[in-house]
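# Structural overview for review
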Amino acid sequence: MTRATAPVTAGLLVAAGLIAVAGALFVACGEAPMRPALIPWPVSATFTNSARVAITKTSAIEVSPGQPDLQRIAHDLADLMRPALDATLDIREIPASASASAPPPAAGVIRLEIVAAVASDEGYDLTIASDTGIRITGRTPAGVFYGVQTLRQLLPFSVELRGARPHTLTVPAAHIVDQPRFAWRGAMLDVARHFFAPADVKRYIDLLAFYKFNHLHLHLSDDQGWRIEIASWPNLTTHGGSTAVGGGAGGFYTKQDYADLIAYARDRFITIVPEIDMPSHINAALASYPELNCNGVAPALYTGIEVGFSSFCVEKDITYKFIDDVVRELAVMTPAPYIHIGGDEVKTLNAQQYGQFVERVQGIVQAHGKTAIGWDEVIHAKLLPTTIVQYWRPDASLKPEPGTKLILSPANKIYLDMKYDANTVLGLNWAGNVDVPVAYEWNPATLLPGVPESAILGVEAPIWSETLTTLSDLEFLAFPRFAGVAEVAWSPQEARSWTGFRTRLAAQAQRWSALGINAYWSPKVEWQR
Ligand code: TNX
């Protein structure tokens, strides 16, 4: 039986301006010592029993000099703590004498520091001690950022309350050394079936960052809507973006909206990956330009949820002129190296037509300096060695060429648009129900026979939006499964178990409530509320 203890606030010692108090918000696992409910669980974590270190109004944040990313992370951390502390912590550069030999910070200081010796690009080292303060080191600003996300989870959930009564914040004395298992920790959002406004996408980005995800794949076009401005083909958005599943108003991102989203994501170390799904899932474009159709006639806009019926006219030259224009504009808008070309669920082309189309389009993507990603059907084409394959069909037996990199999105495990159980109103169930343990209890390294861990770039959880219209619908499907996927992608396999995870998940409930997340309170988890 597992439980969370109530916070105990007996002051034990006052050392150099810091107060260590007895434990708060820990979970006990059987006979194991109490430990904080971190998700994703780190590679190594040692907690000095029950000692706590305080952050007060007079604490300060020190950052390595000449690091604008660290300055921004420090400001965001100070903003997070402002309501609880009723103060904005000072931010200053690490004193020059200290940065040379890197002695520990003084008590009361939170130090964010770039240190070349940290083991991996996204790794970090977090030390919390009553005499030497809080120190987060990373080889890169991304590593420091992930260390700050861990610190955020070590803080009491009350730090998330925007109208908190001022109080001292304490964190457990700890030493954590951490780095991710996979380089690609992704989420996909379908903004085509229903459109999600930039503010909603930013909220999703915030939640992704909190759980150390680093890629957001935006499904920007489908039969029901085209959601990204392309200046050379303006009807795509004025007409093709004008509706959605069920006949609602639709919407699209202007280039400015999109640039803002990329910058917002970048500040949280998240790469946005744009997808234009083709040659099928393309009715919105066909409806916008008659000349893209084999018969020269534009079909009506589509607001149902069937798949596979539409296709580019693969024999027409204008199809490739169109794709070249779209990819060229997208490549300019996209600092990241990837453009996703879809390739799924094509029901109206033969194998030869499909293969030739994929090969030509991956060449266009390459000509514009980007790497193509395709849904797993593209494996039937002759792929460039750099093209990335995104596995999704549970019954597909993939035999990728040696060296092909895969992103794993098994629909029967991490399609977060699947219903949790038969009573879930939102979502689909073509891949079965996906309750919380299903999304958590699998090992990417053994999912596909013959595909070793070294071929796996990472894991990505899609949310398709046929049945979702609002941010609150999206949160309901994402939480709590999203936290499980975060741990699958980040934590070492041997550190993971459903029973341990379930307990840590339960301890996150107050945090989600404080953040106003519309989570699904799965009966599979014993929530502490
Ligand atoms: C399959 S996954 C699709 C999508 C649907 C989704 C619904 C994939 C590559 N294609 O078109 O939205 O199922 O779960």
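Scroll up a little and you will see the structure.
Below or above, wherever it landed, is the structure these notes cover. (Residues numbered from 1 in each chain as written. Predicted model: local features only at pLDDT ≥ 70, side-chain atom pairs only at ≥ 80, totals over all residues. Heavy atoms only, no water.)

## Details of the site of the ligand
- Close to the ligand lie 14 residues, the nearest being Arg-193, Tyr-415, Asp-417, Trp-430 and Glu-466.
- In the model, an oxygen atom of the ligand is placed 2.7 Å from a nitrogen or oxygen of the Trp-430 side chain.
- Within the contact set of the ligand, an oxygen atom lies 2.6 Å away from a side-chain nitrogen or oxygen of Glu-466.
- About the coverage of the ligand: the protein hides 98% of its 360 Å² of free accessible area.
- For the shell around the ligand, a count of residues per class yields eight nonpolar, one polar and five charged. (Near = heavy atom within 4 Å. Polar contact = N/O pair within 3.5 Å; in protein donor to acceptor, adjacent residues only side chain to side chain. Areas by Shrake-Rupley, 256 points an atom, 1.4 Å probe, with all protein chains shown as cover. Nonpolar A, V, L, I, M, F, W, Y, C, P; charged D, E, K, R; others polar.)

## Section: the state of the cysteines
- Tallying each qualifying case throughout the model produces one disulfide.
- One disulfide in the model links Cys-294 with Cys-313; its S-S distance is 2.1 Å. Looking down the S-S bond of the Cys-294 and Cys-313 bridge, the torsion is 105°, so its handedness is right-handed. Of this pair, Cys-294 sits in the loop between helix 7 (283–288) and helix 8 (317–333) while Cys-313 is found in the loop between helix 7 and helix 8, placing the two residues 19 residues apart along the sequence.
- Cys-313 gets classed as buried once you look at its relative accessible area, which sits at 5%. (Disulfide = S-S within 2.5 Å. Helix = DSSP H or I, 4+ residues; strand = E, 2+ residues; numbered from the N terminus. Buried < 20%, exposed > 50% of the residue type's maximum accessible area, 1.4 Å probe, protein only.)

## Notes on the packing of aromatic side chains
- In this structure the tally under the stated criterion is 34 aromatic pairs.
- On the basis of an interplanar angle of 45° and a centroid distance of 5.6 Å, the ring pair of Trp-375 and Trp-464 is categorised as tilted. With Trp-375 in strand 19 (residues 371–375) and Trp-464 in the loop between strand 22 (456–463) and helix 12 (471–478), this pair connects stretches of sequence that are 89 residues apart.
- Ring geometry for Trp-521 against Trp-527: centres 4.8 Å apart, planes inclined by 80°, an arrangement best described as edge-to-face.
- The class for Trp-521 is partly exposed, based on a relative accessible area of 26%.
- Three or more aromatic residues joined by ring pairs form one cluster here, namely Tyr-204, Phe-210, Tyr-211, Phe-213, Phe-479, Phe-482, Trp-512, Trp-521 and Trp-527. (Phe/Tyr/Trp six-rings, centres within 6.5 Å; stacked < 30°, edge-to-face > 60°.)

## Things to note about the sheet that holds strand 22
- Strands sit in the order 13-14-17-18-19-20-21-22 around a closed barrel of eight strands; the barrel is parallel. Averaged over all neighbouring strand pairs, the angle between strand axes comes to 30°, with direction disregarded.
- Pairing between strand 18 (residues 338–342) and strand 19: three bridges, direction parallel. When the sheet's bridge partners are listed, Ile-339 is paired in strand 19 with Ala-372.
- Its contacts with the sheet place helix 8 against strand 17 (271–278) and strand 18, and it is angled at close to 170° to strand 17. (Pairing = 2+ DSSP bridges. Axes fitted to C-alpha atoms, helices over the stretch in contact; angles between N-to-C directions. Contact = heavy atoms within 4.5 Å.)

## Observations concerning the layout of surface pockets
- There is about 500 Å³ of room inside the largest pocket.
- Sorting the residues of the lining of the largest pocket by element identifies helix 1 (68–85), helix 3 (141–154) and helix 4 (198–210) as the ones contributing at least two each.
- Among the domains, domain 1 (44–178) and domain 2 (184–490) are the pair contributing at least three residues each to the lining of the largest pocket. (1 Å grid on protein atoms, 1.4 Å probe; cavity = no way out; pocket = protein on both sides within 12 Å on 5 of 7 lines; lining within 4 Å. Points joined across faces, edges and corners; volume = space filled by probe spheres on them. Domains from an automatic or database assignment.)

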